[in-house]
Amino acid sequence: MTEDDGYLLDNRQAEAGERFDALAELFDAATFRHFDALGLTSGHRAWEVGAGGLSVPRGLAERVGPEGHVLATDLDTGWLTGVTPPPRVEVRRHDVGRDEAPSTAFDFVHARLVLVHVTDRARALRTMAGALRPGGVLLVEDADPALQPLLCLDEYGPEQERANRLRRAFRQLLAERGADLSYGRKLPRLLRELGLEQVEADAYFPVTSPAGAVLEAATVRQVRGQLVDRGLADDEEIERHLASVAAGRLDLATSPMISAWGRRPA
């Protein structure tokens, strides 16, 4: 992530590890499908931006093989260094919104659910695109909460209404911290404006799953104090919501994750 105090979901909190595991369960299959379709292969050099945990760097390392190399960066590398990184994965502290790109030219650069939280998103995107070798691929995957703002798509009862009310409060906190809630849809245009070619995009949209419940509970626990302090929710309704999540009575959707990719001209 970036050094910006605006990041709402602090990776230093214990719940961050639960969120990383849930995000991996929800999105790794879609992300890795893009890796394979875009030609990531043995011998490539890859940069994972804002890695958070190790699941995506591990997936990259499996694809680049013994002759390749993966650089995994984040402002807070605690979740990357808490266990031994896989072979071929180098961990480095880096603020993509402020720091210069690594000196290496990469065959593949990837960021997932990172830039929506970065204040200087334009600079971060330029940094990543500028790190590509000629012919290299940039894959950026980010949420678009404004495109699908509901937590419970089927709002048929008071539990679902409460869940959606708390999701609106969470989005308000994000917006106040500078998050761009419609960023995902902009990615194809932004990649073209950087001069990338063969730009395409798609979206993945989990509607309900056990991992979605884990993600919701961890997220609410992380921001609970801020919701209460801002008068956006009270402890009683948060407790009721967490109980509904734990009981499995809610079908919890995520915001669509939009994946956009392009290639630097050879």
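This text follows the structure it describes.
Values in this document were obtained by computation on a predicted structure and should not be read as measured data.

**Student:** Whenever I open this one, the nonpolar core confuses me. Can you help?
**Tutor:** Inside soluble globular proteins, nonpolar side chains tend to come together where they are buried. Formed by 26 residues in total, the largest nonpolar core has its most connected members in W47, V109, L115, L125, M128 and L138. Taken together, the elements giving at least two residues each to this core come down to β1 (45-49), β4 (106-112), α4 (121-130), β5 (132-143) and α6 (187-193). The dominant element in this core, judged by the number of residues it contributes, is α4, at four residues. If sequence neighbours within four positions are ignored, W47 has contacts with L71, T73, H94, A101, P102, F106, F108, V109, H110, T127, M128 and A131. The next biggest cluster of nonpolar side chains, apart from the first, holds 20 residues, and it includes A169, L173, L227 and L242.

**Student:** What exactly am I supposed to notice about the sheet that holds β5 here?
**Tutor:** Think of a sheet as strands paired side by side through backbone hydrogen bonds, with each pair either parallel or antiparallel. With mixed pairing, seven strands are arranged side by side in an open sheet as β3-β2-β1-β4-β5-β7-β6. Strands with a single pairing partner mark the edges of an open sheet, and in this sheet they are β3 (89-93) and β6 (197-204). Strand-to-strand twist in this sheet, taken as the mean axis angle between neighbours without regard to direction, amounts to 15°. Relative to β3, strand β2 (residues 69-74) runs parallel, the two being bridged by five bridges. Bridging across to β3, L71 finds its partner in E90. Here helix α1 (residues 15-37) sits on the sheet in contact with β4, β5, β6 and β7 (257-263), set at roughly 150° to β4.

**Student:** How should I be thinking about the side chain of H241 in this particular structure?
**Tutor:** Relative to the assigned elements, H241 resides in helix α8 (residues 235-247). Overall, H241 belongs to the buried group, its relative accessible area being 0%. Not counting residues within four places of it along the chain, the set of residues in contact with H241 comprises L151, R162, A163, L166, E216, V220 and L250.

**Student:** Would you mind going over the packing of helix α7 (residues 210-229) against α8 with me for this structure?
**Tutor:** Two packed helices can be described by the angle between their axes and the distance between those axes. Following both chains from N to C, one finds α7 and α8 inclined at 175°, their axes separated by 10 Å at the closest point. The orientation of α7 with respect to α8, classified from their angle, is roughly antiparallel. Of the residues in α8, those touching α7 at A213, E216, A217, V220, R221, R224, L227 and V228 are D235, I238, E239, H241, L242 and V245. Considered class by class, the residues forming the contact of α7 with α8 number eight nonpolar, one polar and five charged.

**Student:** Just checking my understanding: could you explain the pairing of β5 for this structure?
**Tutor:** Regular strands place their side chains on alternate faces of the sheet. Across the 12 residues of β5, 10 count as buried, placing the element largely inside the fold. Here β4 pairs with β5 via six bridges, running parallel. If you follow R112 over to β5, its bridge partner there is E141. Both β5 and β7 contribute to a ladder of seven bridges, which runs antiparallel. Bridging across to β7, V140 finds its partner in A260.

The rules behind the values
- Residues numbered from 1 in each chain as written.
- Predicted model: local features only at pLDDT ≥ 70, side-chain atom pairs only at ≥ 80, totals over all residues.
- Heavy atoms only, no water.
- Core = buried A, V, L, I, M, F, W, Y, C linked by side-chain atoms within 4.5 Å.
- Buried < 20%, exposed > 50% of the residue type's maximum accessible area, 1.4 Å probe, protein only.
- Helix = DSSP H or I, 4+ residues; strand = E, 2+ residues; numbered from the N terminus.
- Contact = heavy atoms within 4.5 Å.
- Pairing = 2+ DSSP bridges.
- Axes fitted to C-alpha atoms, helices over the stretch in contact; angles between N-to-C directions.
- Parallel < 35°, antiparallel > 145°, perpendicular 65-115°, else oblique.
- Nonpolar A, V, L, I, M, F, W, Y, C, P; charged D, E, K, R; others polar.

Geometric descriptors of this kind do not, in isolation, establish any biological role.
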